Structures are given as structure tokens and as C-alpha cells.
Amino acid sequence: MSSQGDLTQVVVALDWTPNGNHLGFYVAKDAGLYHAAGLDVRLICPSDPGFSPESSAYVAAPDTDGNDGTSPYVTPCSKVAAGDAHFGINSPEGVVGWNTAQGRPALKAVAALINNRNSSAIVTLASSGRSRPKDLDGCRYASYAARFEGRIVQKMIQHDGGTGEYEEATPPMLGIWNTLLEGKADATWIFLQWEGVEAKLRGVDLNIFNVCDYGMPYAYAPCLVAHPDWLAANPDVAKRFMAATAEGYKRAAANPLAAADTLVRLAVTENNGYAVDPALARGSAEYLAEHFIDKSTGAWGRMEEDVWTRYIAWLWEAGLLTTGMQSRHPDGGKSFSLDDMRAGKAGEKIPLDSVPKVFTNDYLPN
């Protein structure tokens, strides 16, 4: 962590190119909330040079070393683990993954960006005729190649009466959504508040299988994570950042169209000229205005222990909480291919009582 004059620099690694899920960060930065808190906040995303494989972050990446001629796979969490970012955005299964992998730091979820655990979904094109999860048997699923992802999709299919046998393809991450639109994949996992809004704008009808509707008590997606050692060493900085961010999300909820305009404008300067579609930003912001803040408390970001407990227990009961890590170069002992993992070759089952607490609300404003 460095200082710019009297400001302390904080780097946030986004999980995707700038989109509606990130509105609060951009609003807080544009409104001077971070500056007023003594912070110089940088928002970096996977399309930025800051996500380059030349950075030190790739050494903590979970699934590839680049020996097959591809670039090392850099994630927001691998940047946090390597100290290249102070906060990152991840999925709940990603959070569990970092807390159950030997030799990797147990990154902690510190906030839920959205107060709606059912806003992501597996989708197909309505024109495909694949109208329910069991219809995904034999299909080509465009995957993010995450440790639990393929097996979660498999369990959703099986819950609906299918066999769960399908092809898990791994196209370039930022092009996954396009593989569905172009007919190169039959299904993928999206956020309804972004790709779902884009589909409506483009007149593309989707079959939507919400993740909580097929037997899985999903946790918070997406969530903000941080390294526990950095949090312990910098509690005041973390609390100032979280307070400013919470206010940013409250403002985004109160004035979504202004927040959308801020996202469009700041993405250009903050993210190497990235152009956000204004209509998509507005549609997403309006969708999310009802989902950022807990209506019963007026708070942003707070997580319930029961939600995490039930989700982790489901992963364990479903046989997904295992020691195996995904890899392009599986050794069959500690690392496995995605196909092997769906086939049940995924290492040893992790004792449920050995999983540490994966989240904290301690840095959120009261």
C-alpha cells in the first residue's frame, strides 16, 4: 500500500469490465467520497494493462502456469493474494475455494455487492428449445473454468431430473457471453442485471434458470474480498474505504440514472478508454436500484452467517467440497481437469468442520 501525498492508495480489482455491479465504486470515486476519506482509489478491470500477466499476480493464480502457450490466468483474487490489489470481487464459490485450498491465503468476503442472491442464472437462448436445466444434458456449456462451477451446474441439471452429462468448454473469459449469442455454446452463467439487460435491449429472448431455484442455497454474488493479513494490519484504511463505498452504493440506488452516467464517463478515464454502452448502463442501474440496499435495515453490504453456513453445507453434502484444484495440466493427485472433476475425480472430501469462517462484517459501517 502506497501513499499519494496525504492520500493512501487502495486498488480494487474488478471481476469484469465495468458494469452495473460496480456502480457504487464509480459513484464514490466521482463524488469525491474516497478522497474525503483520505484515499486514492484505483479501479482496475480484466481488460486493463494492470491485469497483465507480466504483473506478479499470476503466481497466485489457481489453475494455469502458461506452459501450454497461453497467458497465465489472472483473477481479482490472485491479485489480492499477491498484494497487487487490496480488494477484489469474486463469486461465493470462489470465496469458499480460497478458504479451502492448501498453500493459498484464506481471502475473506467483506461485503455483498448486491442484496439479492438470485440475480445470477444459467441461461440458454429461447430459440434453442432448452427450456429447463435437464435439457442441458449433452449440451455445450461455456465455462469460466472455476473450481466448483461445472459441478454446480451439473447438480442443477440433476436436481431437475437430468443426468448432468455435458461438455464444459472454456472460451476466453471476456468473450463467454458472446459464445452463447453466436451459437458457439448452448448455455452459460450470467448476471441478469448485465447480460440479461443486454439481451432485452438486443431483443434476444432467454430461458433463465435462477441459481437458487434448483436445490442450491446460493450465497452472495458478487462479493468483495480482501486478504486477512492486510485487513488486520490496516483496519482504519479498510473501514474508511468500506464506509465511502457503502455511501456510493446508496447514492447509486437513490439515483440510478446519474450513477449510470457516472459509470459510462469514468470507465473511459479509469479503465484505459473502456466504453460502456450508455443504454445498457442505464438499464442495469435501474434494475439494480432495488437490489443494492437491504430494505429492512437500509444498509449495504452486510452478510448473514446462516447464508454462508447453508451454502457451504450444501457444497459439502453435494460432494463438491473436495481438495482437488482445476488445472490445464492435471497431475491426477492434487489437480484435475474439469471433466475429471465433474466425473467425481476431484480429490478427497474436505471435513466440513475444517472450513474456516469465510466472511466478516467487521469493516462495514454500523
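We now turn to the structure provided with this report. (Residues numbered from 1 in each chain as written. Predicted model: local features only at pLDDT ≥ 70, side-chain atom pairs only at ≥ 80, totals over all residues. Heavy atoms only, no water.)

1. Thoughts on the overall build of the protein
A count of helices and strands for the protein gives 13 helices and 13 strands. In terms of overall dimensions, the protein is globule-like: its C-alpha atoms have a radius of gyration of 20 Å, near the 21 Å expected for 366 residues. When its C-alpha atoms are laid out on the principal axes, the protein stretches across 55 × 45 × 45 Å. Counting across all 366 residues of the protein, residues that qualify as buried make up 57%. Counted over contacts in the protein with a minimum sequence separation of 6, partners at least 24 positions apart contribute 78%. When the accessible area of the protein is evaluated, it comes to approximately 14800 Å², of which 47% is carbon and sulfur surface. Charged side chains in the protein number 31 positive and 43 negative. The centres of these two groups are separated by 2 Å. (Helix = DSSP H or I, 4+ residues; strand = E, 2+ residues; numbered from the N terminus. Rg over C-alpha atoms; globule rule 2.2 N^0.38 Å. Buried < 20%, exposed > 50% of the residue type's maximum accessible area, 1.4 Å probe, protein only. Contact = heavy atoms within 4.5 Å. Areas by Shrake-Rupley, 256 points an atom, 1.4 Å probe, with all protein chains shown as cover. Lys, Arg positive; Asp, Glu negative; His and termini not counted. Charge placed at Lys NZ, Arg CZ, Asp CG, Glu CD.)

2. Examining the sheet that holds strand 7 (residues 140-142)
Across the sheet, five strands lie side by side as 8-7-9-6-10; this open sheet has mixed pairing. Each edge of the open sheet is held by one strand with a lone partner, namely strand 8 (167-169) and strand 10 (206-210). Pairs of neighbouring strands in the sheet enclose a mean axial angle of 35 degrees, with direction left out of account. Here three bridges tie strand 7 to strand 8, and the two strands are oriented parallel to one another. Counterpart to alanine 142 in the pairing with strand 8 is alanine 169. (Pairing = 2+ DSSP bridges. Axes fitted to C-alpha atoms, helices over the stretch in contact; angles between N-to-C directions.)

3. Digging into empty space enclosed by the protein
By the definition in use, this model includes two cavities of 30 Å³ or more. Considered as a void within the structure, the largest cavity measures approximately 780 Å³ in volume. Mapped by element, the contributors of at least two residues to the lining of the largest cavity are helix 3 (76-82), strand 4 (87-90), helix 4 (92-98), strand 9 (187-191), helix 7 (192-201) and strand 12 (325-326). Ranked by the residues each element gives to the lining of the largest cavity, the list is headed by helix 4, at four residues. Of the volumes computed, that of the second largest cavity is approximately 30 Å³. Ala146, Arg147, Gly150, Arg151, Glu168, Leu338, Met341 and Arg342 are the residues that line the second largest cavity. Sort the elements by how many residues they give to the lining of the second largest cavity and helix 13 (residues 338-342) lands first, with three residues. Of the residues belonging to the lining of the second largest cavity, the class tally is three nonpolar, one polar and four charged. (1 Å grid on protein atoms, 1.4 Å probe; cavity = no way out; pocket = protein on both sides within 12 Å on 5 of 7 lines; lining within 4 Å. Points joined across faces, edges and corners; volume = space filled by probe spheres on them. Nonpolar A, V, L, I, M, F, W, Y, C, P; charged D, E, K, R; others polar.)

4. Observations concerning the layout of surface pockets
Considering only enclosed or pocket space, the second largest pocket measures out at about 310 Å³ in volume. Among the residues forming the lining of the second largest pocket, the class breakdown is four nonpolar, six polar and three charged.

5. Focus on the pairing of strand 11 (residues 223-226)
Judged by which residues are buried, strand 11 turns out to be covered on both faces: Cys223 and Val225 on one side and Leu224 and Ala226 on the other are all buried. Here four bridges tie strand 4 to strand 11, and the two strands are oriented antiparallel to one another. In the sheet register, isoleucine 89 faces strand 11, and the bridge partner there is leucine 224.

6. Here's the deal with the packing of aromatic side chains
Inspection of every chain in the model, using the stated rule, returns 14 aromatic pairs. Taking the centre distance of 6.0 Å and the plane angle of 70 degrees together, the rings of tryptophan 16 and tyrosine 144 count as edge-to-face. Placement of the pair is tryptophan 16 in the loop between strand 2 (7-13) and helix 1 (23-30) and tyrosine 144 in the loop between strand 7 and helix 5 (149-159), with a sequence separation of 128 residues. Both rings, one in tyrosine 34 and one in phenylalanine 241, keep their centres 5.4 Å apart while their planes meet at 5 degrees; by these two values the pair is stacked. (Phe/Tyr/Trp six-rings, centres within 6.5 Å; stacked < 30°, edge-to-face > 60°.)

7. A short note on the pattern of salt bridges
Scanning the entire structure with this criterion turns up 12 salt bridges. As a salt-bridge pair, aspartate 160 and arginine 132 come within 2.8 Å of each other at their nearest N and O atoms. Taken as a pair, aspartate 160 in the loop between helix 5 and strand 8 and arginine 132 in the loop between strand 6 (120-125) and strand 7 lie far apart in primary sequence, 28 residues in all. The partner of arginine 140 in a salt bridge is glutamate 167, and the shortest N-O contact between them spans 2.4 Å. Residue arginine 140 is found in strand 7, and its partner glutamate 167 is found in strand 8; the two are separated by 27 residues along the sequence. (Salt bridge = Lys/Arg side-chain N within 4 Å of Asp/Glu carboxyl O.)

8. Observations concerning the state of the cysteines
Scanning all chains against the criterion turns up zero disulfides. With no disulfide of its own, cysteine 212 has cysteine 223 as its nearest cysteine by sulfur position, at a separation of 13 Å. (Disulfide = S-S within 2.5 Å.)

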